[in-house]
Structure formats: C-alpha cells, structure tokens
Amino acid sequence: MMQVISQNTREKMKGLRYSGFGVYIQGIKSSLASRMAYRGDFIMSMFIMMIVELGGPVITLIIYNNGASFPGWGVYEVLLLQGIFLLSRGISFPFFMGIVWNTISRVQEGTFDLLLIKPRSILLMSIASAFDSEDLGKLIGGILVFGIAMKNLPAQPLHNWITFFIFFIFSILLMFAFGLFMAGLGIVWIGNYRIYDIFMTVMEFGMYPKSIFTKSFQTITTYIIPISLLASYPASALLGKPNTNVLLALASAIVFFLAGLWFYFRMVANYTSSGG
Amino acid sequence: MIHVSELKKTFTTYERGGTFREALISLFVRKKKTVNAVKGISFDIEEGELVGFLGPNGAGKSTTIKILTGIMHPTSGEVDIMGYTPWKNRRKYVENIGAVFGQKSQLLWDIPPLDAFNLNQSIYRIPSNEFKKTVSEMVEMLALKDLVKKPTRQLSLGERMKCEFIMAMLHKPRVVFLDEPTIGLDVIAKEKIREFILEQNKKGTTFILTTHDLEDVEHLAKRVIVINHGEIVYDDSMDKLRNYFGEKKTIHLTTRKKIMLPKHEGIAVRSQLSDYDIEVVIDLSQIKLNEFIKKVNEESVISDMSIEGLELEYIIKDLYQV
C-alpha cells in the first residue's frame, strides 16, 4: 500500500516537473543559482533594495511626526497601506515583473528568438527566465512594514482579512497586467527602457490613500488605470473602512488584465510576423 | 521531410539617412522602404540530409531560417516540415527541432551547463532516465567530462560550443538548424564538433547548416543551397558544385625568367605576386594541361609548380556575385 502511494506521489512529482509551473520553478532555481554565484552581491543587492523601498514609509513617519497627516488615516493605517503596496511589489517584481526587462533586452539583443524555439508559451518562457532575486528585498521590506503596522493596530475580524485577501489577489493581477503592457511595448518599441520609468512614476500614486486625491483623479485611478487597487482598496478592506464602487473597480481590474494579455500576445504576433 | 514552396518575405523598413541632418529629419518624417528579403524560393530536403545553406550577408538566409524555425511568419508561400507549418503550430513543431546559434548562447553564464540542461529537461519534458543517458553519451562523445559541472563563464569558447550542441540535442530533435556553429573556434574544437555533427547525422538527424566557413561546408555538407538577393542561385550536390565551372584547375607557378603566359583561350590570371610568381585558372576544355605547362616552361622555365582543383571559395564567391 505504502509502495503504491509513494509510486503515485513520484508520478505526480514527475508530472509537476514537466508542467508550466515546473518549468517556472526550474527557471527560478537557475536564476537563484546564477545570482548566488556572486554571494556578496546577492545579499547586498537585496539589502539595498529593501532600504530603498523603505523610503516611502519613512517619509510617512516624518509627515506624521511633524503634525501633518493624510485626512482620515492614522499613521499606522498609512504604514499598513504602504506595507501592502510593498508586499504587492515584493511578490510581483521578483516573481514575474522581470518579464519587462527580460523582453526589452532580449528583443534588443536578438535573443528573444531563443525563447520562441522552445515548445512552451512565450509568456511562460519570458517569465521563467526572468526571476529577479534582488527584488526579494522589496518583499522583506513589505513584510516588515506590514508587520509593524499590524502590531500597532487593533486586531481585525476574519471577514476583513478575507476581503483583504481577495483585494490583494486583484492587486497582484493588476501588477501582472502592467507587466504585460510594458513587455508588449518592449517588443515593438525596441530598447526603450523609459517605459519602465513611466510605469514606476504612475505606480507611485498607489502608495497613498485614494481619498487624498481629487474626485476626478480618483476616477482615473479606480476605473481607467486602476492603481487604487494596488494598496488603497486592500488596506481599506482590512481596516474595515468603506470602499466605494467595489464591483466596478474589480471589473475594471479584470478588463485591464484581459486587455494586457491581449496586447502582449498581439505584440508577440507582430514580432513574429515582422521579424523584430 | 522539409518542403518549401514559393516562400516570400517582404519587410517594410524606414530610411534614416546617413548624415546628422537626415537623422534629425527622420525623427519627424520617415521614408518607407519595402525590402523583398526572400523572393519565392522552393526546395525539398529529405530525412537524414545534411544541407549547407549559404549566402552572402543580407541574402535572405537568416530570414529563411527564422521562418523555418517558426520564429517568423512569411508574407506568402508554403512550408511543411514533418507535417507542421512552423508558424502555425509553433509549440508542437519546435518540440521536434533543435537549433545552435554560434552567436547567441542558450547556456546561462554564471551556472554550470548541467543546470541549463536540467532547465531544458523540464521545458522539453524529457524523462529522467533518458535525460541522464543522453547527457552522459554526449558528454563522452564531445570529451567534456566534468566540464559540464563548471560555471559556463569558466569554459573556453570551444567547450561552450560543445555544451550548446548538447543543449540543442537533448530532446533528440529530428531536424537541427546550425547557424555559424564553429565561429571563432580553433581547429581541434572545430574538428570535434564536425565529428559530432556527422555522428548525429549518421543516426538520422537532418541538419541545415548556415555558415560562412566553407571548410565546414566541405567537411559536412553533401548538398548545398546558395541563396543570393532572396533567390536560390544553386541547389545541388557538393560534387557538382566543385565542378560548377566545368573542369578547371588552379595552377601556382614560379619561374626563373619573367613569366610569359601563352596567348590562348581558357587562361585567366587570378593573382600575380611578382614577374616570377603567378596563380592562374585554366579551363581544361579549352587548353590541355600538358600543353599549357610545356608552353610556359619553354618561355619562362618553371622552377616550382602546384596544381589544384578550383577552391570552393572561388566558386562560392562567383555565385555570390550573381
């Protein structure tokens, strides 16, 4: 009986290894091994990234220590929001946002072709070959800020946590959509790394409570480029603060994600039909 | 196995101009330019063939290879490789092909080739036993031993190229595209790689070799396709290519007196180092070899001489100038 179970488990493990997820894990292992070849750089770059990412929360602390505030938000509430923002970046940047740099540089160097001769989805290959351990510093920073904020806030009921997790999944989905748009642009707009800078600037607005912006700007950041979903909505959900037009905001994120997928594959089709 | 019919590829590019003024103008107004990279080429390749696919830079060679590997869509035409249309069934199709690009590495710079092989094992879904067997066979064949466990950056160019071959052939592809596979390698590494290609070809793998190294072509290809200006200008066996200009010989002569060549049809000077040292190409259908030698010797007294068949380089150069 035990033998049959272990045989089944082994078969399942083998199946997993050859699945898309298995390829992704193998890609992460290879990238980690590559980065760990330079031990000092591996540790230092993660640490530096964490310090850089803590800049936002530090500014928040300075603002509040000087008597100013974001209306309707206490200092630890804002830190919680920024912790969520960092968590969202900390998951997306190392695990899939590398697709942007990977695509831009590969198209420029002509090595994007090497991914196209692999019998897997080009999206999977682009992500699997782009894991960035340096960005794990963002994740560590996010956990740190989130943990400190939660410790200083009252315990939240379970249903708040559930709503938060749902919003957080949408936050990750949204980051993925941004990645798809930028990678798609990188295919046709050869060597243009400014795409990334523009994105980072736009994304910065997601680090603050939605309510501090004007009504018209809130509309843009909720329904057109739904960056409010990155941290403002999940943080409000966890703190039990009212979120307006939730369903519309979530629908907008889904549309944004689908549009990102469509755009990315459209650009890949352009690449293959024009030859880059 | 490979059927290509009336394959065409047209690009639209923009002219930027060469001067700063033209580059500045091109920021606002760009002139469109249509380039016919491949102009309706057709050929067939049988299973187990080793074909040299040659052409000068910009001839349409790389475009054709990119279409055949499924990377690029053609403008029109048909391609059937093992029952697949590469650009339509890309994922299924590329499971059956391999590619080695001399100037684009599939290895990962900071980790050992073996780790990169493991990544390919997952990508191509190669069963573990088969994977281990193939790796050890190929490592043995290419005399790599434990080098596959050293970081790629510590390997020589030749060792890296050998690993590129293993990477491309782990999944036992039926067709392999080679693009400049021996570029920059020393003679020993070249020889080893050529041996490996011939060995794999004997086992039934079809190879399409794109290169500017004519030694590779001479050692490996039994058939040659030459493409120029997007059209096939030659498609036949290597033997026929050697006799492309009929029966011609290259003669290198050193004489005691100033060289006086006989005034006869079928004699062409290729190069002259001095008044006493010359290289000529003679067409044996127009002048007999002994007659030529006798006449030169009478006039100039031959002190040294070598006779060779026409080099492939000379023939290919002529085809490239068509």
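Presented here is a report on the structure given in the accompanying data block. (Residues numbered from 1 in each chain as written. Chains lettered and ligands numbered in written order. Predicted model: local features only at pLDDT ≥ 70, side-chain atom pairs only at ≥ 80, totals over all residues. Heavy atoms only, no water.)

What follows deals with the environment of leucine 139 of chain A. All names here are of chain A. Its place among the elements puts leucine 139 in helix 8 (residues 136-151). Residues leucine 139 and arginine 89 lie 50 residues apart in sequence; the distance between their C-alpha atoms is 7.1 Å. The residues touching leucine 139, leaving out its near neighbours within four places in the chain, are Leu87, Gly90 and Ile91. (Helix = DSSP H or I, 4+ residues; strand = E, 2+ residues; numbered from the N terminus. Contact = heavy atoms within 4.5 Å.)

Glancing now at the pairing of strand 9 (residues 231-237) of chain B. Residues and elements named next belong to chain B. Bridge count between strand 8 (residues 223-228) and strand 9: six bridges; the pairing is antiparallel. When the bridges of strand 9 are listed, valine 226 appears paired with tyrosine 234. The antiparallel pairing of strand 8 with strand 9 creates a hairpin that spans two residues between the two strands, and histidine 229 there sits at a positive phi of about 50°. (Pairing = 2+ DSSP bridges.)

Once that is clear, we can look at helix 8 of chain A. Residues and elements named next belong to chain A. Helix length check: helix 8, at 16 residues, gives a terminal C-alpha distance of 23 Å against a target of 22 Å (1.5 Å per residue), a fit within 8%. When helix 8 is considered as a whole, its buried residues turn out to be Leu136, Gly137, Lys138, Leu139, Gly141, Gly142, Val145, Phe146, Ala149 and Met150. Turning to helix 8, the residues buried within the fold contact helix 3 (39-53), helix 4 (55-65), helix 5 (75-109), helix 9 (158-188) and helix 12 (232-239). (Expected span 1.5 Å × (residues − 1). Buried < 20%, exposed > 50% of the residue type's maximum accessible area, 1.4 Å probe, protein only.)

Attention shifts here to the packing of aromatic side chains. Residues and elements named next belong to chain A. Considering all chains together, one arrives at 27 aromatic pairs over all chains under this definition. Plain terms: the ring middles of phenylalanine 112 and tyrosine 271 are 5.1 Å apart, the flat faces sit at 85° to each other, and that makes the pair edge-to-face. With phenylalanine 112 in helix 6 (residues 112-116) and tyrosine 271 in helix 13 (residues 246-274), this residue pair connects regions lying 159 residues apart in the sequence. Its relative accessible area of 0% is what places phenylalanine 112 among the buried residues. Grouped by ring-pair contacts, the aromatic residues Phe146, Trp161, Phe164, Phe165 and Phe168 constitute a single cluster. When the ring centre of phenylalanine 93 is taken as origin, the NZ or CZ atom of lysine 138, which lies over that ring, is 4.5 Å away. The cationic tip of lysine 241 hangs over the ring face of tryptophan 73; the distance from NZ or CZ to the ring centre is 4.6 Å. (Phe/Tyr/Trp six-rings, centres within 6.5 Å; stacked < 30°, edge-to-face > 60°. Lys NZ or Arg CZ within 6 Å of the ring centre and 35° of its normal.)

Inspection of the entire model under this criterion finds 27 salt bridges over all chains. Glutamate 95 of chain B is the salt-bridge partner of arginine 125 of chain B, the closest N and O atoms lying 3.6 Å from each other. Taken together, the residues span a long stretch of sequence, with arginine 125 of chain B in the loop between helix 4 (113-123) and helix 5 (128-141) and glutamate 95 of chain B in the loop between helix 3 (90-94) and strand 5 (97-101) at a distance of 30 residues. Note on arginine 125 of chain B: relative accessible area 38%, which makes it partly exposed. Glutamate 279 of chain B serves as the salt-bridge partner of arginine 270 of chain B, at 3.6 Å between the closest nitrogen and oxygen. Residues joined by salt bridges that share partners form a network here, namely Glu53, Arg89, Asp135, Lys138 and Glu204 of chain A. (Salt bridge = Lys/Arg side-chain N within 4 Å of Asp/Glu carboxyl O.)

Further remarks concern unusual backbone geometry. Glycine aside, residues mostly have negative phi angles, and peptide bonds mostly take the trans form. Residue and element names in this part refer to chain B. You will see that methionine 82, though not glycine, has its phi angle at about 55°, which is positive. Mapped onto the fold, methionine 82 is located in the loop between strand 4 (76-81) and helix 3. You will see that arginine 125, though not glycine, has its phi angle at about 55°, which is positive.

A complete count under the given rule lists two cavities of 30 Å³ or more for this structure. Put simply, the largest cavity is a space of about 50 Å³. Around the largest cavity, the lining residues are Ile117 and Lys118 of chain A together with Ile97, Gly98, Ala99, Gln106, Asn120, Tyr124, Met167, Ala168 and His171 of chain B. For the lining of the largest cavity, the elements supplying multiple residues, two or more each, are strand 5 and helix 6 (157-169) of chain B. Element by element, the count of residues in the lining of the largest cavity is highest for strand 5 of chain B, at three residues. Its residues assigned to classes, the lining of the largest cavity shows six nonpolar, four polar and one charged. For the second largest cavity, the calculated volume is near 40 Å³. In terms of residue class, the lining of the second largest cavity is built from five nonpolar, four polar and one charged. (1 Å grid on protein atoms, 1.4 Å probe; cavity = no way out; pocket = protein on both sides within 12 Å on 5 of 7 lines; lining within 4 Å. Points joined across faces, edges and corners; volume = space filled by probe spheres on them. Nonpolar A, V, L, I, M, F, W, Y, C, P; charged D, E, K, R; others polar.)

A separate point is the sheet that holds strand 9 of chain B. All names here are of chain B. A sheet is described by the order of its strands in space; here six strands give the open sequence 5-6-7-3-8-9, paired in mixed fashion. The open sheet terminates on both sides in strands that have one partner only, identified here as strand 5 and strand 9. Along the sheet, successive strands turn relative to each other by an average axial angle of 15°, direction set aside. (Axes fitted to C-alpha atoms, helices over the stretch in contact; angles between N-to-C directions.)

Our next topic: the sheet that holds strand 2 (residues 31-45) of chain B. All names here are of chain B. The strand order 2-1-4 describes an open sheet built from three strands, whose pairing is antiparallel. Looking along the sheet, the strands with just one partner apiece sit at the ends: strand 2 and strand 4. Here the strands of the sheet are splayed against their neighbours by 30° on average, with no regard to which way each runs. Relative to strand 2, strand 1 (residues 2-15) runs antiparallel, the two being bridged by 12 bridges. Its bridge partner lying in strand 2, histidine 3 is registered against aspartate 44. Packed onto the sheet, helix 2 (residues 61-68) meets strand 1, strand 2 and strand 4 and runs at close to 120° relative to strand 1.

Counting residues at the interface gives 27 residues for chain A and 32 residues for chain B. The largest share of the area that chain A buries against chain B comes from Tyr18, Ile117 and Pro119 of chain A, three residues that together contribute 25% of it. Counting across the interface, chain A meets chain B through two salt bridges. Aspartate 113 of chain A is paired through a salt bridge with lysine 66 of chain B; the nearest N and O atoms lie 3.4 Å apart. When residues of the side of chain A that touches chain B are assigned to their parent elements, the largest contribution, six residues, is made by helix 2 (residues 20-36) of chain A. By residue class, the composition of the side of chain A that touches chain B is 12 nonpolar, 11 polar and four charged. (Buried area = accessible area lost by both parts, 1.4 Å probe.)

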